[in-house]
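# Coordinates in review
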Amino acid sequence: MNILFIMYDQLRFDYLSCAGHPHLHTPNFDRVAAQGVRFTNAYVQSPVCGSSRMSFYTGRYPSSHGAQWNGFPLRVGEQTIGDHLRKLGMGCWLIGKTHMKADAEGMERLGLVPDSVIGARQAECGFDAWIRDDGLWGQGPDGFYDAKRSPYNEYLKAKGYDGENPWADYANAGVADGEIASGWMFANADKPANIREEDSETPWLTGETIRFIEQATGPWCAHVSYIKPHWPYIVPAPYHAMFGPNHVPAATRHAMERDDPHPVLAAYQSNRIASAFQRDDVRDKVIPAYMGLIKQCDDQLGRLLDYLEKTGRIDDTMIVLTSDHGDYLGDHWLGEKDMFHQPAVKIPLIIRDPRPQADATRGTTCDALVEAIDLAATFIETAGGAVPSHIVEGRSLLPWLNGETPDWRDVAISEYDYSVTPMCAALGLESRDARMFMVFDGRWKLIHFEGGFRPMLFDLETDPDEFRDLARSPGHEAEIARLYDALARWGRRMSQRVTRSDADIAAMRGRSARKGILPFLVDGSEVPEDLTVKYRGPVRQTHLGED
């Protein structure tokens, strides 16, 4: 078995035709769903790129692995899917983005040099990198946003695109009156990117994936991590013109959400991102571009699936399609991600397992509460291993794929540290208090805020659009208390005892006694005789009374 672990950046759960989108036809996502299981209640452990991805890769919650926002290093020693899979004889490769920030200080402390095998793996989330490109090659007065070399930029230069940063000048910019029309500006989202479609980011990474598979010897796990449909929202022809304002759904928002809102929600609704997406003219340009980017992703998925079928690799490769978080796109008067409404925290998740035991579930959906961290456990079991539950906090999804109904979680948890954002300062919070947590049981969603704020509560059965914050008024104290109890149980989980499993601990019980450590005995009869045999018998020498 091989594992093709495909992640799309900022892809909403409901922007696929198999998930019911009325205008965006994604036949290749649907093709995988028809051959596998589509999980309809999958949630990320943090609605921001870096932290979410570190949870995918470690199988652990952000408060366990510590990388709670973009640019927070994943500390040296955190085990990732690469570490677990290599123990089982499966290679683990990166093709694309991770948003990983290496723990350079920790590596230096331990004498790990980046150009060694172990050092490189520590710096790449445990992957062996076929090609890494995090895909945001912004450049300003202080230099590049990402100081590393861009393989994609080098590819474009080799193709004849000029300048220091063709990612910005061509792949993510259009043309207006002979001038660069940057994709950073929403006003340019309806323009075609000034690049040949086959040279744009998504086809480039698909080509790298095929190139990897052509030379790969298995078993392998390949994490193919696409940069799109993440902003800048601009796409090459013909995708720029496939959708228009008539395909833009009305924003899922209500005036009641702005009537004395929760202070944290109000801070986010007032930021620059939200202010832009509250404008219909912005949504009418951005959302068609976003849809065009997804359509291009779907076409390139079809290219990859056709290759797997042509070469026969489809028969021995598990395919996983997912996203690191969603995108508000103006819903709830918000843009980007950052909070816990469904458009941000819920993700698409489709798994196609080619093995016969999964035949009974092909083309079905599963509404179990799934967390992103479950993929690490799933991959370990797929590779033939036992999930080390003292390290990996997720649960394998293989029973669901095999038509079983396992004992499962009652709530999904997500957490978000917004201490480095302007909202922390606007709210007058200390960094340690700029944190929020979601507890969702499939119907009721509680959001807890540190810093002395009241919670928020939504009933998705009666209010699926999450307009009415029921915690604003009395009447739901029992539900709030119940979900707080679930959050407290989660907070008491054993998450840091990663060097000893339960089996290790069971084997340790009594071990010291069998090695002669027998304190607190009255006469020795309290323990089996064989434990005291070394402390009994005739005296061989007497030294009492000697000078």
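Note that this is a predicted model, so its numbers are computed, not measured. (Residues numbered from 1 in each chain as written. Predicted model: local features only at pLDDT ≥ 70, side-chain atom pairs only at ≥ 80, totals over all residues. Heavy atoms only, no water.)

## A look at unusual backbone geometry
One can expect most non-glycine residues to show negative phi and most peptide bonds to be in trans. Of the consecutive residues K228 and P229, the connecting peptide bond is found in the cis state with omega at 10°. Along the polypeptide, P229 turns up in the loop between β10 (220–226) and α10 (263–269). Residue P238 is reached from A237 by a cis peptide bond, and omega for that bond is 5°. Within the fold, P238 resides in the loop between β10 and α10. Even without glycine at this site, D177 takes up a positive phi of about 55°. Considering the arrangement of structural elements, one finds D177 in the loop between β8 (173–176) and β9 (179–182). Judged by its relative accessible area of 81%, D177 falls in the exposed class. Not every positive phi belongs to a glycine, and D338 is a case in point at roughly 80°. For D338, the location among the structural elements is in the loop between β11 (317–323) and α13 (342–345). (Helix = DSSP H or I, 4+ residues; strand = E, 2+ residues; numbered from the N terminus. Buried < 20%, exposed > 50% of the residue type's maximum accessible area, 1.4 Å probe, protein only.)

## As for the state of the cysteines
Enumeration over the complete set of coordinates arrives at 0 disulfides. Distance from the sulfur of C221, which forms no disulfide, to the nearest cysteine sulfur (C92) is 4.2 Å. In this structure C366 is not part of a disulfide, and its nearest cysteine sulfur, from C18, lies 15 Å away. We classify C366 as buried; its relative accessible area is 10%. (Disulfide = S-S within 2.5 Å.)

## Quick word on the nonpolar core
Counting residues in hydrophobic clusters, the biggest one holds 71 residues, and the most contacted among them are F5, F39 and Y418. If one sorts the elements of this core by residue count, helix α14 (residues 374–382) sits on top with 5 residues. The residues touching F5, leaving out its near neighbours within four places in the chain, are F56, Y57, I81, C221, A222, H223, V224, V320, T322, L375 and F379. One finds V32, A216, A289 and Y290 within the second-largest nonpolar core, a separate group that totals 56 residues. (Core = buried A, V, L, I, M, F, W, Y, C linked by side-chain atoms within 4.5 Å. Contact = heavy atoms within 4.5 Å.)

## Some details on the sheet that holds strand β13 (residues 349–352)
The strand order across the open sheet built from 8 strands is β5-β4-β10-β1-β11-β13-β2-β14, with neighbouring strands paired in mixed fashion. Either end of the sheet is taken by a strand with one partner, and the two such strands are β5 (128–132) and β14 (364–366). In this sheet, neighbouring strand axes are inclined to one another by 15° on average, regardless of whether the strands run parallel or antiparallel. Pairing geometry for strand β2 (residues 37–39) and β14, over 3 bridges, is parallel. Bridging across to β14, V37 finds its partner in T364. Running over the sheet, helix α1 (residues 27–35) touches β1 (2–8), β2, β11 and β13 and is turned about 55° from β13. (Pairing = 2+ DSSP bridges. Axes fitted to C-alpha atoms, helices over the stretch in contact; angles between N-to-C directions.)

## Considering the packing of helix α9 (residues 201–215) against helix α12 (residues 280–311)
Helix-helix packing is characterised by the crossing angle of the two axes and by the distance between the axes. At a minimum axis separation of 10 Å, α9 and α12 run at an interaxial angle of 15°. Judged by the inter-axis angle, α9 sits roughly parallel to α12. For the element pair α9 and α12, the recorded crossing hand is right-handed. Along its contact with α9, which presents T202, P203, T206, G207, T209, I210, I213 and E214, the element α12 presents Q296, C297, Q300, R303, L304, Y307 and L308. Split into classes, the residues belonging to the contact of α9 with α12 amount to 7 nonpolar, 6 polar and 2 charged. (Parallel < 35°, antiparallel > 145°, perpendicular 65-115°, else oblique. Left-handed = near helix turned anticlockwise from the far one by under 90°. Nonpolar A, V, L, I, M, F, W, Y, C, P; charged D, E, K, R; others polar.)

## Quick notes on the sheet that holds strand β18 (residues 444–449)
Two orientations exist for strands paired in a sheet by backbone hydrogen bonds: parallel and antiparallel. Strand order in the open sheet made by the 4 strands is β16-β17-β18-β19, with antiparallel pairing throughout. With one partner strand each, in any of the chains shown, β16 (412–417) and β19 (456–459) form the two edges of the open sheet. Strand after strand, the sheet turns through a mean of 15° between neighbouring axes, direction not considered. Note that β18 and β19 share 4 bridges and pair antiparallel.

## Overview of the packing of aromatic side chains
Under the counting rule described, the total for this entry stands at 25 aromatic pairs. The structure contains a cluster of three or more aromatic residues connected by ring pairs, namely Y15, F186, Y233, F277 and Y290. A cation over a ring is seen here: R258 above W333, with NZ or CZ 4.8 Å from the ring centre. Sitting above the plane of the F13 ring, K346 keeps its charged end 4.5 Å from the centroid. (Phe/Tyr/Trp six-rings, centres within 6.5 Å; stacked < 30°, edge-to-face > 60°. Lys NZ or Arg CZ within 6 Å of the ring centre and 35° of its normal.)

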